[in-house]
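# Notes for the structure review
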Amino acid sequence: MSTEPNVRPSTLHLPQGPWTTVLDCLCAHFPAIDRATWLDRMARGRVTDGEGRPVDALRPYQVGLCVRYYREVAQEREIPFEEHVLYQDERLVVVDKPHFLPVMPAGEYVEQTLQARLTRRLGIPGLVPLHRIDRHTAGLVLFSREPATRGAYQALFRERRVHKRYEAVAAPLPQLEFPLTLRTRLEPGEPFFRMQQVDGEPNTETRLEVIERGPQLWRYALHPVTGRKHQLRVHMAALGAGILNDGFYPDLHDTQAPDDHARPLQLLARELAFVDPISGDALRFESTLRLMAIA
C-alpha cells in the first residue's frame, strides 16, 4: 500500500445527523470501514478538513464540515494491462485506457487506477479526468492538467459539444433498420450499480449504426448524445443484443468472480472530437486499441 497519495483526496461534506465527533459520522457513513481503520488514518494524517488541518478522533461533529480523506486498499490486485498516452499539451492529456482499469478510485481500486498511474508516470499531481468510462470499457479518456482552464473543458461535456463514438461487438439485429436512434429513460436499478429502463420522459439518447456484419456477430458504431451511466450497455441489451462479454446486462453474472482477462467487454471508446475552447482548434483523437475480429 502506497504511503504517498497518487490521487486527489475524496471529499465528504458532513450531513445532518446525531453524531458527537467527526469520527462517529465517518464510521456511520462508511460502514464497510471499521473504527480502527479510521483511527489509523487519522493518526497518519490521512484525514483533514477543507483547510488541510488534520482531523483527529476528538474533532467535534459539525454539519457541512468539509472532510478530505485518502482511500486505501491494503491488498490491491494489480491490473496487468498498460495505458498509453496519445497526446498531451499544457492543458490536456489524452490516454488509451485498457479494459479492466478504473478511471478513478472506487471500491477495491486506488493505486490501480488510470488517474493514479498517470499521476506517478507524468508527475502531474493535479490530473483530473474530464469524463469517465466504465472499468470494463477500453478506450479514450481526456484529462485536465490545470485548474485554471478545467471549467472550460468540463463545459464541453456538460453542454454536449464533444462528439463521442464507441464501437461494440454484439449479436446481429437483422430485424431492425439502421441507422437508428434510441431514446429512453434510465434510472438506478438493483443492485445499486446497475441501471434500468423505466417509463417516463427520455433522459438518454444514442444513435446506432452497423459497420461490419459477420455470420455470428456484428460490429456497431454507437454515438451517445447523452452520457448516463452504462447507457450504451443498457441500450444494446434492450434492443436484444447485449454487448459481448457484458457481465451486467442483460443478466447479472457473479460479481465476486475474478476478472476473466481473456473475455473483455467488447466496448471501446473509439473517438473524441471537439473544438478546443481555449485555442479554438478543432481536435480529434482516435483510439489505437481494437476489439475482437468478427469475420
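It should be emphasised that the depicted structure is a prediction, and the values quoted were computed from it without experimental measurement.

## Description of the domain arrangement of the protein
The domain boundaries assigned to the protein delineate domain 1 (10–69) and domain 2 (84–286). Here domain 1 and domain 2 have C-alpha centroids that lie 33 Å from each other.

## Considering the pairing of strand E5 (residues 92–97)
The buried fraction of E5 is high, at six of six residues. Every second residue of E5 is oriented toward a common face, with Leu92, Val94 and Asp96 on one face and Val93, Val95 and Lys97 on the other, all of them buried. As judged from the four bridges shared by strand E4 (residues 84–88) and E5, these two strands associate in the antiparallel manner. Across the sheet, residue Tyr87 finds its bridge partner in E5, namely Val94. Between the end of E4 and the start of E5, which pair antiparallel, lie three residues.

## Side note on the environment of Arg263
With respect to the element layout, Arg263 can be found in the loop between helix H5 (231–238) and strand E13 (267–275). Judged by its relative accessible area of 48%, Arg263 is partly exposed. Sequence-wise, Arg263 and Glu146 are 117 residues apart; in three dimensions their C-alpha atoms are separated by 37 Å.

## As for the side chain of Asn203
The topology assignment puts Asn203 in the loop between strand E10 (195–198) and strand E11 (204–213). Judged by relative accessible area, Asn203 falls into the buried class, the value being 17%. One polar contact links the side chain of Asn203 to the main-chain amide nitrogen of Leu186, over a distance of 2.8 Å. Asn203 has contacts with Thr184, Arg185, Leu186, Glu187, Thr226 and Arg228, leaving out every residue within four places of it along the chain.

## Digging into the pairing of strand E7 (residues 138–144)
With seven of its seven residues buried, E7 lies for the most part within the structure. The sheet contact formed by E5 and E7 spans six bridges and is antiparallel. Note that in E7 the partner of Val94 across the bridge is Leu142. Across two bridges, strand E6 (residues 128–129) lies against E7 in antiparallel orientation. Paired with Val128 across the bridge in E7 is Ser144.

Definitions and limits used
- Residues numbered from 1 in each chain as written.
- Predicted model: local features only at pLDDT ≥ 70, side-chain atom pairs only at ≥ 80, totals over all residues.
- Heavy atoms only, no water.
- Domains from an automatic or database assignment.
- Buried < 20%, exposed > 50% of the residue type's maximum accessible area, 1.4 Å probe, protein only.
- Helix = DSSP H or I, 4+ residues; strand = E, 2+ residues; numbered from the N terminus.
- Pairing = 2+ DSSP bridges.
- Polar contact = N/O pair within 3.5 Å; in protein donor to acceptor, adjacent residues only side chain to side chain.
- Contact = heavy atoms within 4.5 Å.

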